[in-house]
Each structure stands twice: as structure tokens, then as C-alpha cells.
Amino acid sequence: SSDEEDIQKTINSVCIVTEETEKSDPSDQQIQSANTEAVTCVKESANSIKEIEKKEVKKDTAKVKENEHVDSKPAVNIPLDRKPTVQAARLKLPILSEEQSIMEAIHDSPVVILCGETGSGKTTQVPQFLYEAGFAHGTGIIGVTEPRRVAAISMSYRVAEEMNLSSRMVSYQIRYEGNVTDDTKIKFMTDGVLLKEVQKDFLLTKYSVIIIDEAHERSVYTDILIGLLSRIVPLRHKKGNPLKLVIMSATLRVEDFTENQRLFRETPPVIKVDSRQFPVSIHFNKRTPDDYLGETFRKICKIHRMLPEGGILVFVTGQQEVHTLCKKLRKMFPATQNTGDSLEKKEEGIAPNSMKKGRRGRKKQNSESKAPLPKIDLDNYSILPLDEEADLHVTHGSDSEETSEDEEDMEEIEADVTGGQPMYVLPLYSLLAADKQRKVFNPPPEGCRLCIVSTNVAETSLTIPNIRYVVDTGKVKTKFYDKVTGVSTFKVTWTSKASANQRAGRAGRTGPGHCYRLYSSAVFNDEFEKFSPPEITRRPVDDLILQMKDMNIDKVINFPYPTPPDEEALKAAEKLLISLGALEEVKKTSGKKEKQPGDSSSRISPLGRAMACFPVSPRYGKMLSLGHQHDLLPYVIAIVSALSVQELFIEYEKPHNSEEEKEEFKQKRIRIMQQRKTWAGSGHSLLLGDLMALLKAVGACEYIGCSPQFCDKHGLRYKAMVEVRKLRAQLTNTVNSVIPDANVFVDPKMQPPTDLQAKLLRQIVLAGLADRVARRVPDPPPGADESQKKLKNSYQCMALEDHVFIHPHSVLYKEKPDYVLYQEIVETSKLYMKGITVIEPEWLSTYAPQHCTFSKPLEDPPPRYNAKTGTVVCHMTALYGRCSWQLPAVELE
Ligand code: CDP
Ligand code: MG
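Residues numbered from 1 in each chain as written. Chains lettered and ligands numbered in written order. Predicted model: local features only at pLDDT ≥ 70, side-chain atom pairs only at ≥ 80, totals over all residues.

## Some details on the packing of helix 26 (residues 659–680) against helix 28 (residues 690–704)
Taken N-terminus to C-terminus, the directions of helix 26 and helix 28 make an angle of 95°; their axes are 7 Å apart at the nearest point. As far as their axial angle goes, helix 28 and helix 26 are roughly perpendicular. Listed contacts from helix 28 to Arg676, Trp679 and Ala680 of helix 26 are Met692, Ala693, Lys696 and Ala697. In the contact of helix 26 with helix 28, the residues fall into five nonpolar, no polar and two charged. (Axes fitted to C-alpha atoms, helices over the stretch in contact; angles between N-to-C directions. Helix = DSSP H or I, 4+ residues; strand = E, 2+ residues; numbered from the N terminus. Parallel < 35°, antiparallel > 145°, perpendicular 65-115°, else oblique. Contact = placed C-beta atoms within 7 Å. Nonpolar A, V, L, I, M, F, W, Y, C, P; charged D, E, K, R; others polar.)

Below you can see the structure in the form of C-alpha cells.
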């Protein structure tokens with residue numbers, strides 16, 4: 001139909017941005033058609049597209065006139081029966097006074113950008129404005145995307161409650177669940193869910209308006225959605241059924257959306273909502289300390305002792321730092337009610353003792369604060385236990401000069417000093433269990449000061465009440481990904497100016513506040529980037545490219561990204577997808593033109609289409625696509641689910657303090673390593689290595705019904721295991737729909753794989769991780785020098801010149817097999833391979849032929865199973881990758 005043609009044309013035009021374009025083939029048949037046809041298309045394209053566009057422009061103007069009333073129709077008012085308390089609370093929100101200007105802008109322009117501080121009322125109120133104006137009472141409903149699942153769920157409940165409507169009408173849909181009905185008028189969903197919907201219905205006909213919330217987070221899916229919507233909105237307009245787009249952001253960083261010529265033809269209006277923000281005084285350190293954690297601790301102590309009541313919010317970089325600091329603070333200012341996490345249970349257990357300690361601590365503080373200190377200078381506070389003091393004195397950044405700036409502030413209010421108040425210390429980070437996270441919203445116990453030690457999750461996504469002081473290390477821990485080698489590292493770097501300002505803003509939510517920046521203003525001005533880089537520039541994009549190719553967007557390089565991914569990353573992704581067989585290179589027989597960088601025209605293959613159905617990395621999608629033999633699918637599904645969820649195993653934090661704790665830590669770790677080894681088993685089972693441990697963990701957890709107690713006892717992270725369970729159920733459904741006779745189900749009593757199955761599983765995993773093979777390097781000779789000795793037990797892989805090692809947590813750490821597969825390489829003290837499986841070198845020429853160089857030309861297609869003889873035989877030698885490993889002649893059963 002003409003509708004479909006139009007859609008396809010737009011999909012193609014998504015990547016047509018330059019004058020001189022080649023036509024992408026409009027249909028599946030053509031995608032698979034011969035090269036000659038493709039060449040003809042290319043030749044014809046330039047003219048035909050221009051003609052079509054000319055026609056469309058004419059049609060366009062005609063349509064617009066016809067449908068002008070659609071845009072300019074007066075706002076209807078759909079009355080709501082809100083509770084008086086709700087209405088009163090709403091009226092206090094800054095966004096309420098902007099309702100008229102927001103709605104006018106939405107009526108006047110197809111795309112509107114709305115900026116306003118966290119808490120100004122964007123998420124809860126804008127959907128209501130749209131509902132009241134009749135946007136859910138015509139042909140479509142209101143869709144709202146959130147980057148986080150928890151936001152999609154909680155916001156749907158909140159808005160339903162405010163509107164006094166049921167969850168049948170204000171609903172949510174996230175990856176695994178939802179409560180959407182035929183009556184749904186407002187639908188909150190994750191950005192990933194809407195992206196999937198675009199793939200099924202490019203015009204998003206269900207919706208009359210789409211709100212992209214939290215656009216400042218610049219999640220990859222949000223970025224891609226904005227790119228797609230920039231094409232969908234004009235197309236819907238052309239169809240006489242306009243779709244409105246509202247992009248909501250907590251920061252003013254919107255240039256990537258407004259000043260990006262590829263994105264929107266007309267620059268969308270930006271509406272700024274003034275927020276009810278109290279002034280926050282910012283205090284920079286005069287100098288920047290090296291030991292920012294020590295400095296953080298001192299600053300908190302100082303605030304707690306010197307400044308009037310009010311919560312303290314501290315920004316550090318990671319889980320480990322959060323716990324270290326929490327522990328130190330609790331020790332310093334004990335409060336019996338400290339029940340932030342498991343560490344405290346112990347304290348609770350010995351409450352009488354800790355009370356005594358608390359009193360002693362306080363008494364000491366009081367006597368100290370009366371001591372004749374010349375000035376308030378934390379470095380002179382000698383109540384620090386000796387070991388901690390030693391720790392703190394490592395710092396260079398803190399001297400009297402540096403603190404003088406704060407002293408003035410603190411002296412002013414010194415009269416209010418509350419003395420030795422206990423402190424209610426709570427950790428906050430994204431991997432923390434939800435019930436522990438929620439504690440931060442409760443008021444602290446009577447007489448305690450609240451102190452939340454957090455990673456940057458408290459920056460924009462959570463609004464914590466009653467924070468008056470923010471202590472900002474200015475640091476952030478980010479996963480860096482090497483676009484070429486695929487090695488990931490976590491690095492602590494300076495955060496951006498925008499994020500530092502967000503952090504400071506947290507202190508002014510309920511009254512005037514203070515933000516203590518533990519770095520100098522010079523560092524802030526010179527070394528902080530203006531904004532944090534969007535996610536799309538920081539992670540591999542293979543999954544994204546596969547999804548786009550599945551939508552027939554062939555020239556992914558020309559996609560209207562708000563910020564394009566790195567060209568290297570695009571190339572690496574395309575190369576990987578070609579090597580996995582998901583994409584086929586289109587050879588241009590007559591194209592004499594020099595190829596533009598990144599201008600490869602690869603197309604999705606039937607295998608790629610199957611892989612694209614699975615919501616996991618394409619490598620794992622390939623494993624799933626190959627799993628349909630010997631009843632392997634249930635195992636492949638379980639393994640892929642486990643591999644796709646981050647940090648399944650609890651990493652116990654190594655204590656710095658008492659010998660007793662260190663011993664306890666050691667014992668715990670030994671016990672858990674033993675558990676993993678038991679799961680991995682021996683013989684054929686052990687050859688599957690860490691993946692066997694994962695498989696058994698998933699099986700055992702399902703068998704027992706996934707209880708928090710079971711997880712804790714076996715060193716599994718409960719939250720992650722719940723996620724694995726959901727993903728496993730989802731993948732099982734998807735597999736059944738993609739592979740017609742798969743007939744898989746989640747078996748709560750899954751038997752371990754047989755020896756043959758375990759072996760086949762290793763081969764399937766190899767097919768997905770074909771470029772992640774490592775070979776053990778011979779041990780250095782006895783008289784070797786130090787640098788050579790360091791290479792003992794090392795491995796060589798295709799991606800890196802440097803030698804790599806098996807991670808000590810692997811069940812194969814001691815086995816040291818000759819050939820292994822790894823899930824990823826992480827750089828900490830060494831380059832460590834994680835997720836290890838043993839393979840046989842003979843398999844490489846069959847399962848990784850794309851990475852092999854053969855002694856004689858490889859038959860085309862590569863050696864296959866011969867049904868008559870029941871064998872796969874291929875006598876030849878081969879070299880793997882640039883490593884030039886001599887591989888044995890192949891003779892497989
Ligand atoms: O989206 P934005 O950050 O601009 O604000 P919002 O999420 O719409 O929140 C508006 C107000 O409602 C804030 O003061 C929140 O604290 C409050 N709110 C709440 O009390 N409970 C919720 N579940 C959501 C919001
Ligand atoms: Mg919001």
C-alpha cells in the first residue's frame with residue numbers, strides 16, 4: 001500500500017542527509033536480490049529520490065492546509081476529579097504556572113523542548129496537562145518514555161493517584177511486565193520498549209503525543225528514539241494525523257537537539273521552567289587534595305561538628321568508597337539506629353557496647369571542641385583514632401590556607417554548634433537492594449543527623465528530602481571501553497561542570513544550602529568538561545547497529561544521531577556483525593568511487609534478523625540462534641541470561657581494618673569460591689568453566705524459588721538473580737516465537753547438561769565469542785628475568801599485544817587450560833579475562849573460520865556437516881587471527 005511505501009521511504013530517508021545519496025533498497029526482497037539490481041538502484045536513485053521529494057513537498061503543503069485545524073484546534077478540557085490535597089500540592093509546583101505557555105507551544109510546534117530542574121513537576125504534570133487538553137481523547141494516547149524501569153513504574157502509579165484514575169488508564173510497560181489495557185490513556189514505558197514498538201509500527205499510530213523524559217541522561221535508546229522521531233513526526237504530519245513530541249530535560253544542555261542540523265528541520269522552541277530552588281553557596285577548596293576520600297571524611301566531620309542541623313549528601317565514586325566512608329563515619333559518630341546495611345546489623349547486635357562507644361565518642365568530641373584550638377581546623381582534631389589519622393595525613397591538599405575560606409562560614413554559625421550529635425549514615429548506589437535504597441527517604445531517628453553517602457545516582461534521578469549540605473568530591477567512576485580492543489576499564493575522573501552543578505543543586509531543595517567542593521575553582525574551570533559525554537559515545541554499538549539494520553536503515557553512519565557515536569566504534573560494530581554472520585557485505589561491482597570512511601553498505605542477513613529478535617548482545621543472540629539441536633536451547637537460554645546481567649556474584653569488599661574482619665572476609669571468599677567450583681564440577685563439566693558455574697547457579701536458584709537467603713548464602717546478588725529469572729522467561733518466550741518448533745520452557749528442575757551437551761555448548765559459545773579466544777603462553781624458562789617472570793601463566797589473545805591473565809575469581813584460575821574463550825577483558829592491576837571456557841583448537845577453523853587464515857582456500861561455504869558420513873572433515877592447517885597460531889588439521893565428529 002502507499003502507506004507502507006511512504007514508511008519505507010522515510011526509513012530510508014532517515015539515513016539520507018547529503019545531497020548525493022544512494023538509494024537504499026526499499027524492501028526485503030530487494031535486500032536479498034542480486035548485486036546487479038542494487039547497482040541499477042544506485043544509478044537511478046539520485047533522480048528518483050529528488051522527484052519523489054518534490055512531489056511530496058507539494059502534497060505536503062496541500063495536506064497541511066487541509067489539516068490545519070488539527071494543530072490549531074482549541075484546547076478541550078477533560079475534567080479530572082482530583083483530591084483536594086493533591087490539588088493543593090500540585091499548585092505549589094513551579095511548572096503549574098507555565099501550563100498555558102507549555103500547551104501553547106505544543107499546539108504551535110510539532111516538537112517542544114522543556115527544561116526544568118529535577119522536582120519542578122515535569123514528569124508528573126505534563127502528561128496531565130496533555131490529558132486535560134484532550135490529547136488522549138482522539139485517535140491516540142499519551143506515551144512517556146523513561147530511561148529507568150523503576151521510574152516508569154513509580155511515575156505511572158503517582159500520576160494515576162494524582163489524577164484519581166485507575167492503573168487501567170494510567171499504566172506502564174517495562175521490559176518484563178506492564179499493566180496496559182485497552183483503556184490506557186497515559187502509558188509510561190522505558191525507552192527500550194518504545195524503540196521496539198517503532199520497529200513494529202514505524203508511525204507509532206497508537207500515540208498522539210510522545211514525551212521523551214530525562215533526555216539529559218542521554219541514554220542510547222533515548223538518543224536513537226529522538227533521531228527516529230525527528231523523521232516520524234513530519235511523516236505523521238504529512239499523513240494528516242500529527243504526532244507531537246515533547247522532549248523533557250533537567251538541564252539546559254539542549255544544543256545537541258536544537259543546533260543539530262541533521263535532526264529537526266525547524267529548531268524546536270525551548271521552554272524553561274523556573275524551579276523553586278533556594279540559593280546554594282558554593283565553597284571551593286583552595287587546593288585539590290590527592291586523597292579525596294580522606295578529605296571527604298574530614299569535611300563531613302567538620303560540617304557535622306560545626307554546622308547547624310540539616311542532612312549531608314556526599315558524592316563519591318563507587319560502592320566500595322561508599323561503604324568505606326559509611327563505616328568510618330559510623331565509627332566516629334555512632335548511632336544505635338544506624339541500620340543502613342548489613343554492616344550495621346552487627347552493630348545492632350552489640351548495641352550496649354556501641355552505646356558505650358557512642359558516649360565515649362561524644363564525650364571525647366565535647367572535650368575536644370572545648371580544647372584550645374587556635375582555629376577550627378580539622379587537621380588538628382586529634383580525636384581521630386590513630387590509624388585513621390595516619391591515613392588522613394597522607395593528604396597533601398589540606399592545609400590551613402585551604403580551609404580558611406570555610407572557617408569564615410562556619411564561624412558565623414558557630415553559635416549553633418550542636419556538639420556531639422550521633423549521625424545516621426546511609427549508603428546509596430544503584431546496585432543496592434531496593435528496600436535499602438528507600439531508606440534515604442525516611443527521616444533520620446530523633447536527635448541524629450542524616451548523612452547519605454552516594455554515588456552519582458543521587459545527582460538527578462533521586463530527590464532526597466532535607467539535604468542542606470552537599471560534599472562533592474567532583475569525581476566520577478566511568479566504565480571506559482576501548483573501541484578497538486574491547487577492553488573495559490573503570491576510571492575515576494573529574495565529572496563535568498553540569499553534573500557538579502546538579503550535585504550542588506541537591507542542597508537547595510528545601511531551604512538555602514551549602515555545597516563543599518573538594519577541589520579548587522581553577523581545577524573546576526580548567527579541567528572539568530562542560531557536560532558528561534552521552535552514553536552512545538562510551539559503549540560498543542553492535543546491538544544498536546543490528547537493531548537499525550533490522551529496521552532497514554542501511555547507512556547507519558548517516559543516521560540523525562543527537563551525538564554520533566565514534567566512527568571507530570561504528571566500524572568495529574559493523575565488522576563484528578559481519579564476522580558473526582548477522583550482516584552481509586554488499587559488494588559494489590561497478591562502484592568506482594573511493595569508499596567513504598564508514599560508508600560500508602552491509603545488509604542484514606536472515607541470521608541477523610533472527611539475532612535482532614533477542615534483546616541481548618548480538619554475540620549472545622547468535623548463540624541462541626544456534627542452540628536448536630540436542631536439546632541445548634534451555635541451557636543456552638540460561639547461560640545467555642546469566643551473561644547478560646551485570647555482576648551476578650557478590651564481590652565482597654576487602655576490609656582495611658581489623659585482622660578479625662580480614663579473616664572473616666577471607667573465609668567468606670574461600671567458601672564462595674568453593675561453591676563456584678562445586679557448581680563447575682569436573683571433567684566435561686569443568687571444561688565449560690565459569691559458564692557452567694553460572695548455569696548451575698541459575699538452575700539452583702530457580703529450583704529453590706530464588707530467595708534472598710539462598711542468594712546471600714551462595715554469594716549471589718539477589719537483585720541480579722531476579723533479573724536473570726525474568727530475562728530467562730522472556731528469552732524462552734522469544735525463542736519459541738522465533739524458532740517455530742523450539743518448544744522450550746523454563747524447567748524448575750533443569751538437569752545438568754550431559755557430557756556431549758556440555759561439549760556442544762562450548763562450541764556454541766565459541767561461535768558467539770569467536771574473536772575472544774586466548775592461548776596460553778609457554779612459561780618463562782627457569783633463569784628468566786623479572787619482566788619475563790611476570791608473564792608466567794599469561795595468555796595471548798587476538799585483540800591485544802599485551803599478555804592477559806585468567807581472573808583469580810574464575811573456576812579455571814588454577815587449571816590454566818591451553819585454549820580458552822573469555823567473556824570480557826577488564827583492566828585492573830593486570831589485564832584480566834573474565835568468564836572463561838575451555839575450547840579445543842581444532843574447533844577454531846570450523847566455528848571461527850572468519851578469523852582464520854587457511855593453508856589452502858577454504859571451500860565456500862565453510863566445511864559443513866556431511867550427513868552421509870556423519871562427519872565434518874577438513875584437512876588443512878590454519879592460523880588464528882594475527883596471532884598466527886598454527887592450528888591442527890581439522891577432523892571433527
Ligand atoms: O520530573 P520532575 O523532576 O520535574 O518532577 P516530578 O517527578 O514531576 O516531581 C514533582 C514533585 O512531586 C516533586 O516535588 C516530587 O518530590 C513529588 N513526587 C512525589 O512526592 N512522589 C513521587 N512518586 C513523585 C514525585
Ligand atoms: Mg522527572
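## Digging into the sheet that holds strand 3 (residues 170–173)
Taken in spatial order, the seven strands line up as 3-4-2-5-6-1-7 in an open sheet, and their pairing is parallel. Strands at the two margins of the open sheet, each flanked by one partner only, are strand 3 and strand 7 (270–273). In this sheet, adjacent strand axes meet at a mean angle of 20° when their direction is disregarded. Pairing between strand 2 (residues 141–146) and strand 4 (residues 186–190): five bridges, direction parallel. For Val144, the partnering residue across the bridge sits in strand 4 and is Phe188. Contacts from helix 9 (residues 191–200) reach strand 2, strand 3 and strand 4 within the one sheet, and its direction differs from that of strand 4 by about 100°. (Pairing = 2+ DSSP bridges.)

## Brief notes about the site of ligand 1
In the vicinity of ligand 1 lie 13 residues, with Thr118, Lys122, Thr123, Thr124 and Arg158 positioned nearest. Looking at the shell around ligand 1, the elements with two or more residues in it are helix 7 (122–132) and helix 8 (149–163). Of the residues forming the shell around ligand 1, the biggest block, four residues, is contributed by helix 7. Taken together, the residues of the shell around ligand 1 sort by class into one nonpolar, 10 polar and two charged. (Near = placed C-beta within 6 Å.)

## Notes on the nonpolar core
Membership of the largest hydrophobic core comes to 154 residues, with the highest contact counts inside it found for Val246, Val636, Ile639 and Val640. In terms of residue count, the dominant contributor to this core is helix 10 (residues 220–238) (10 residues). For Val246, the contacting residues outside a window of four places in its chain are Ile106, Val112, Leu114, Val126, Val209 and Ile211. With 46 residues, the next largest nonpolar core counts Val316, Met423, Tyr469 and Phe528 among its residues. (Core = buried A, V, L, I, M, F, W, Y, C linked by C-beta atoms within 7 Å. Buried ≥ 20, exposed ≤ 12 C-beta atoms within 10 Å, placed from the backbone.)

## Some details on the sheet that holds strand 9 (residues 311–315)
Taken together, the six strands give an open sheet; going across it, the order is 8-15-12-9-11-10, and neighbouring strands pair in parallel fashion. The open sheet has two free edges, formed respectively by strand 8 (280–284) and strand 10 (423–428), since each of these has just one partner strand. The average undirected angle you get between the axes of adjacent strands in this sheet is 15°. Relative to strand 11 (residues 449–454), strand 9 is paired through four bridges, and the arrangement is parallel. Paired with Ile312 across the two strands is Cys451, which belongs to strand 11. The strands touched by helix 13 (residues 319–332) within the sheet are strand 9, strand 10 and strand 11, with strand 10 carrying the most contacts at an inclination of about 170°.

## Notes on the pairing of strand 22 (residues 831–838)
Pairing of strand 20 (residues 805–806) with strand 22, which is carried by two bridges, proceeds in the parallel orientation. Counted as the bridge partner of Phe805 is Tyr832 from strand 22. Alignment of strand 21 (residues 819–827) against strand 22, held across seven bridges, turns out to be antiparallel. The residue of strand 22 that forms the bridge with Ile825 is Met833. Between strand 21 and strand 22, which pair antiparallel one after the other, the connecting turn spans three residues.

## So, unusual backbone geometry
What is expected of a backbone is that most residues other than glycine have negative phi and most peptide bonds are trans. The phi torsion at Glu214 lies on the positive side, around 55°, for a residue other than glycine. On the secondary structure map, Glu214 appears in the loop between strand 5 (207–212) and helix 10. In this structure, Lys816 takes a positive phi of about 50° despite not being glycine. If you trace the backbone, Lys816 turns up in the loop between strand 20 and strand 21.

## Structural notes on the UniProt feature "domain: Helicase ATP-binding" (unreviewed entry) in the protein chain
In the numbering adopted here, UniProt assigns the feature "domain: Helicase ATP-binding" (unreviewed entry) to residues 103–270. The span residues 103–270 carries 39% helix and 20% strand; its end-to-end C-alpha distance comes to 13 Å. (UniProt positions renumbered as here; feature names shortened; annotations may be inferred.)

## Details of the environment of Thr463
Here Thr463 shows up in the loop between strand 11 and strand 12 (467–472). Residues Thr463 and Arg506, spaced 43 residues apart in sequence, show a C-alpha to C-alpha distance of 7.5 Å. In this structure, Thr463 is in contact with Thr118, Gly119 and Arg509, ignoring residues within four places of it in sequence.

## Thoughts on the packing of helix 7 against helix 8
Where helix 7 contacts helix 8, the axes come no closer than 10 Å and their chain directions differ by 55°. On the basis of their axis angle, the class for helix 7 and helix 8 is oblique. Note that helix 7 runs across helix 8; the crossing there is right-handed. Touching Thr123, Thr124, Pro127 and Gln128 of helix 7 are Met155, Arg158, Val159, Glu162 and Met163, all from helix 8. (Left-handed = near helix turned anticlockwise from the far one by under 90°.)

## So, the pairing of strand 2
Most of strand 2 sits out of view: six of its six residues are buried. Here strand 2 shows a buried face lined by Ile141, Gly143 and Thr145 and a second buried face lined by Ile142, Val144 and Glu146. One ladder, built from five bridges, connects strand 2 with strand 5; its direction is parallel. From the neighbouring strand, Thr145 faces strand 5, where its bridge partner is Ile212.

## A few points about the environment of Gly138
Considering the arrangement of structural elements, one finds Gly138 in the loop between helix 7 and strand 2. Look at Gly138 and you get exposed, because 12 C-beta atoms sit within 10 Å. Linking Gly138 and His807, residues 669 residues apart in sequence, is a C-alpha distance of 58 Å.

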